[in-house]
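# Architecture and fold: a report
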Amino acid sequence: MTDGYAIVDPDDVEDAYAGTDVPGEFRHLTDALACEQLSVTLIRVPPHSDFEQGTGHIHDEVEELYLVTRGTLTMRFGDDVTKVGAPAAVRVANRTPRSHRNEGSEPVEMWAVSRRVEHGDATKIDDFWEASPDAKQHRG
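Notes on the structure follow.

### Some remarks on the overall build of the protein chain
When helices and strands are tallied, the protein chain shows 0 helices and 10 strands. Sequence-ordered secondary structure for the protein chain, helices as α and strands as β, is β-β-β-β-β-β-β-β-β-β. Taking all 140 residues of the protein chain together, 40% fall into the buried category. Across the protein chain, every contact between residues at least 6 apart in sequence was considered, and the portion connecting residues at least 24 apart equals 69%.

And the structure:
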């Protein structure tokens, strides 16, 4: 950080999903940006990919803001399923079960922004929804 700001190329930050069976990219930029109050993650989802492969998650404390900047996602919030196309901003309250997948033929780029917490706040939900029938991969 220089003089109160930081600039980071997301492609220079480690992809947490590299070498796994999860499609796409998950680049957590919080530390690279030296964020003190925010958590920032770039999520890229390739075409026809069930990003969380039928699972979902909740956050106990953290409200999230998703910024869809490219493509269209199918998103689930609780029992509601909706298509969200770029450009869009989506706020999700804490304790709201959520997930997303790319059922389209265009790559998706989405930014997740929230309050930074120093402890684990997310809980995975297995079998949150049926995996996309068009997904190129499925959980084993």
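### Details of the packing of aromatic side chains
Here the structure, examined in full by the defined rule, presents 1 aromatic pair. Each ring, one from Tyr17 and one from Phe26, has its centre 5.2 Å from the other, and the planes form 50°; the classification is tilted. The exposure class of Tyr17 is partly exposed, given its relative accessible area of 24%.

### Topic: the pattern of salt bridges
For the structure on display, the rule yields 15 salt bridges. The shortest N-O distance in the salt bridge between Arg44 and Glu25 comes to 2.8 Å. With a gap of 19 residues between them, Arg44 in strand β2 (residues 38–45) and Glu25 in strand β1 (residues 25–28) connect regions that are remote in the sequence. Among the salt bridges present, the one from Glu106 reaches Arg70, with a minimum N-O distance of 3.9 Å. Placement of the pair is Glu106 in the loop between β8 (98–101) and β9 (108–115) and Arg70 in strand β4 (residues 64–70), with a sequence separation of 36 residues. Judged by its relative accessible area of 42%, Glu106 falls in the partly exposed class. Among the charged side chains, a salt-bridge network with shared partners connects Asp11, Glu25, Arg27, Arg44 and Glu109.

Rules behind the numbers
Residues numbered from 1 in each chain as written. Predicted model: local features only at pLDDT ≥ 70, side-chain atom pairs only at ≥ 80, totals over all residues. Heavy atoms only, no water. Helix = DSSP H or I, 4+ residues; strand = E, 2+ residues; numbered from the N terminus. Buried < 20%, exposed > 50% of the residue type's maximum accessible area, 1.4 Å probe, protein only. Contact = heavy atoms within 4.5 Å. Phe/Tyr/Trp six-rings, centres within 6.5 Å; stacked < 30°, edge-to-face > 60°. Salt bridge = Lys/Arg side-chain N within 4 Å of Asp/Glu carboxyl O.

Geometry only, nothing functional implied.
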